[in-house]
Amino acid sequence: MVDIHCHLLPGVDDGAKSWEISEEMCGIAAQDGIQHIVCTPHANDEYVYDRAQHEVRLQELRERVGGKIQLSLGCDFHLSFDNIQEALGAPEKFAISGSDYLLVEFSDFAISPAINDALLRFLSMGITPVITHPERNLVIQRQPELALKLAEQGCVIQVTAN
């Protein structure tokens with residue numbers, strides 16, 4: 001089992017607050033049969049996404065868990081104008097390590113028409129958007145067929161399991 005969306009790196013966003021919590025989260029994940037976790041710090045207006053610094057923290061976490069679980073890096077990419085422009089120029093900065101998958105987070109309240117254009121641009125570049133927790137978005141709650149449309153266009157849909 002692979003967990004592709006986990007706020008595991010300590011002290012970088014609203015996820016794990018300490019190394020001890022991160023280590024405990026890895027232990028619980030391993031007990032649950034998860035073999036690989038993609039650490040996905042937020043990339044939004046509240047949390048600066050510094051890939052180089054996150055790589056350093058990821059390496060420290062790898063050392064702390066001693067191979068108990070495989071770890072890689074991606075991000076929880078907010079579709080702001082600045083993020084989109086930066087990702088169009090350097091998608092590898094935000095994509096899941098060594099892949100063409102980009103976790104994309106919508107606002108919980110709306111989906112701008114420009115968002116679909118951005119998703120289509122990523123798809124045309126060979127980047128597959130993975131729409132994270134669409135069940136939280138009020139527009140998709142009211143019009144679930146939008147999630148199907150995104151999937152038909154080539155996006156992947158990721159729901160959050162409770």
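Scoring rules and cut-offs
- Residues numbered from 1 in each chain as written.
- Predicted model: local features only at pLDDT ≥ 70, side-chain atom pairs only at ≥ 80, totals over all residues.
- Heavy atoms only, no water.
- Pairing = 2+ DSSP bridges.
- Helix = DSSP H or I, 4+ residues; strand = E, 2+ residues; numbered from the N terminus.
- Axes fitted to C-alpha atoms, helices over the stretch in contact; angles between N-to-C directions.
- Contact = heavy atoms within 4.5 Å.
- Core = buried A, V, L, I, M, F, W, Y, C linked by side-chain atoms within 4.5 Å.
- Buried < 20%, exposed > 50% of the residue type's maximum accessible area, 1.4 Å probe, protein only.
- Right-handed = clockwise from strand over helix to strand, strands pointing away.

Turning our eyes to something else, we now look at the sheet that holds strand E4 (residues 70-73). The strand order E1-E2-E4 describes an open sheet built from three strands, whose pairing is parallel. Every other strand in the sheet has two partners, leaving strand E1 (2-6) and E4 as the edge strands with one partner each. Averaged over neighbouring strand pairs, the angle between their axes works out to 20° when direction is ignored. Of the strands in this sheet, strand E2 (36-39) and E4 touch helix H2 (residues 51-65), which is tilted by about 175° from E4.

Here we take up the nonpolar core. Leu-71, Phe-77, Leu-79, Phe-106 and Leu-119 are the most contacted members of the largest nonpolar core, which totals 38 residues. Counting residues per element, the ones that place at least two in this core are helix H1 (19-31), E2, H2, E4, helix H3 (81-89), strand E6 (101-105), helix H4 (113-124) and helix H6 (145-153). At four residues, the largest contribution of residues to this core is made by H4.

With that settled, consider the pairing of E1. Of the pairings in the sheet, the one linking E1 to E2 comprises three bridges and is parallel in character. Across the sheet, Val-2 pairs through a bridge with His-36, a residue of E2. Handedness of the β-α-β unit built from E1, H1 and E2 comes out right-handed.

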